[in-house]
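In case you want the letters, here they are:
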Amino acid sequence: MRAPPPIAMLAELTHRCPLSCPYCSNPLELQGKERELDTETWADVFHQAAHLGVLQLHVSGGEPASRPDLVALVQAAHDAGLYTNLITSGIGLTPKRLDALEGAGLDHIQLSMQGTTAALADRIGGYRGGFDRKMTIAEEIKRRGIPLTLNAVMHRHNLDDLDATIDLAVALGARRLEVACVQFHGWAVRNRGMLLPTREQTEATKRTVAEASQRLRGILAFDFVPPDYYADYPKACMGGWGSAGLNVTPDGTVLPCHAAESIPHLTFQSVRDTSLSEIWYDSAAFNAYRGTDWMPEPCQSCERRDIDFGGCRCQAMMLAGDAAVTDPVCRKSPDHDAVLRLLEESAGEPADGDFVYRAFPGRPAKAV
Ligand code: SF4
Ligand code: FES
């Protein structure tokens, strides 16, 4: 049976970023500016995506505002008929640029939060003054009434700040708050011990989100991504491989998910030489873990196989060394011990250790 068309596309315009977050999920090997697709090629990719069936475009990075042609790219996405969401730290946006983005048809902004005080946020983002700049631009977004989601990436060092994060989201007029506990891909793996929340924090977070979702019904919607190392079953990563979404990296490589390049035996094609449609429907990489036929036991005979699709392929690769096995987060996985060992190890991590900050080539990481 032919795969359904994708609904969403993540366009990673650039890997460049002024922040140095220790939980960055971009790959260890970043792509430099010289490899980035130009404006015309991105515009063509957006038209191909719309033609393929994509409805939502998430414009991301790195920091997408690092691209001087951001307004032209948003305009191109709008002209292609895509609902366009800008995922940004806010650094690089100005009132004038916001006006231009609005004029170009930007539909939504997703603003990342590292913490609710300058001391905490700047330490985590590795960027002094970042919090104040973010708050200034958040007020500008609110003043214009652009639909806003706050994306709070949560971990051991800021989960106790969750109540304040919720209050801030309401104060900024956000319609949605993503409480996204760090997922361990790319650079984040280097800081896993420092970032993994404790079990107590995880339980407290679930209670806080449940209570706030009730209290703020109609005011603030919540998306909660719990730390899956404590879960019984894995998440349905990407809603299933090659099922609902695709990612395009700064140089035009098309991936079934953000971390797919960590699976060494897969080869990924580029929009520079193959159409998006051909890659989506016919490439070996997109078909590798599509549907349920590829699944091993215990997934193959499990009642949840159409719910979580065996979990995350990249996590299986990282924790079990094989992308084609059950996600070790699952309590039925024969590799589940690997997760329990990591939790034990992280429990012994000092709370006041040092992060290993992300650095972009040619720019030293800044510790605050
Ligand atoms: Fe999901 Fe596979 Fe675990 Fe069943 S065995 S819950 S399908 S990961
Ligand atoms: Fe690749 Fe989950 S991040 S499948």
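Please read all numbers here as calculations on a predicted model, not as lab measurements.

**Student:** Help me understand the UniProt feature "domain: Radical SAM core" (unreviewed entry) in the chain in this model?
**Tutor:** UniProt marks residues 3–220 with the feature "domain: Radical SAM core" (unreviewed entry), using the numbering shown here. The span residues 3–220 carries 40% helix and 16% strand; its end-to-end C-alpha distance comes to 35 Å.

**Student:** Help me understand the packing of aromatic side chains in this model?
**Tutor:** The description of an aromatic ring pair rests on the distance of the ring centres and on the angle between the ring planes. With the rule as written, the count across this model stands at 6 aromatic pairs. Judged by centre distance (5.2 Å) and plane angle (85 degrees), the rings of Trp241 and Tyr289 are edge-to-face. In this pair, Trp241 is assigned in the loop between strand 7 (221–225) and strand 8 (245–248) and Tyr289 in the loop between helix 10 (284–287) and helix 11 (305–308), connecting sequence segments 48 residues apart. On the accessibility criterion, Trp241 (8% relative accessible area) is buried. Accessibility expressed as a relative area gives 6% for Tyr289, which makes it buried. Here Tyr289 and Trp294 contribute two aromatic rings whose centre-to-centre distance is 5.3 Å and whose plane-to-plane angle is 75 degrees, an arrangement assigned as edge-to-face. Ring pairing ties together the aromatic residues Trp241, Tyr289 and Trp294, which thus form one cluster.

**Student:** Before we go on, may I ask you to explain the UniProt feature "binding site: [4Fe-4S] cluster" (unreviewed entry) in the chain in this structure?
**Tutor:** Summarizing the sequence annotation, UniProt attributes the feature "binding site: [4Fe-4S] cluster" (unreviewed entry) to Cys17, Cys21 and Cys24 in the numbering used throughout. In this fold, Cys21 is placed in the loop between strand 1 (8–12) and helix 1 (39–52). Setting aside residues no more than four positions away along its own chain, Cys21 makes contact with Gln114, Ile124, Gly125, Trp187 and Arg358. Along the chain, the position of Cys24 falls in the loop between strand 1 and helix 1.

**Student:** Please explain helix 5 (residues 130–144) as it appears in this structure.
**Tutor:** In an α-helix, one full turn covers 3.6 residues, which means residues spaced three or four apart are oriented alike. For helix 5, spanning 15 residues, the distance from its first C-alpha to its last is 21 Å, which sits close to the expected 21 Å at 1.5 Å a residue. Every buried residue of helix 5 is listed here: Gly130, Phe131, Lys134, Met135, Ile137, Ala138, Glu140, Ile141 and Arg144. Of the surrounding elements, those touching the buried residues of helix 5 are helix 3 (95–103), strand 4 (108–113), helix 4 (118–125), strand 5 (148–154) and helix 6 (162–171). Looking one or two residues beyond helix 5, the residue adopting positive phi is Gly145, at roughly 70 degrees.

Cut-offs used in this document
- Residues numbered from 1 in each chain as written.
- Chains lettered and ligands numbered in written order.
- Predicted model: local features only at pLDDT ≥ 70, side-chain atom pairs only at ≥ 80, totals over all residues.
- Heavy atoms only, no water.
- UniProt positions renumbered as here; feature names shortened; annotations may be inferred.
- Helix = DSSP H or I, 4+ residues; strand = E, 2+ residues; numbered from the N terminus.
- Phe/Tyr/Trp six-rings, centres within 6.5 Å; stacked < 30°, edge-to-face > 60°.
- Buried < 20%, exposed > 50% of the residue type's maximum accessible area, 1.4 Å probe, protein only.
- Contact = heavy atoms within 4.5 Å.
- Expected span 1.5 Å × (residues − 1).

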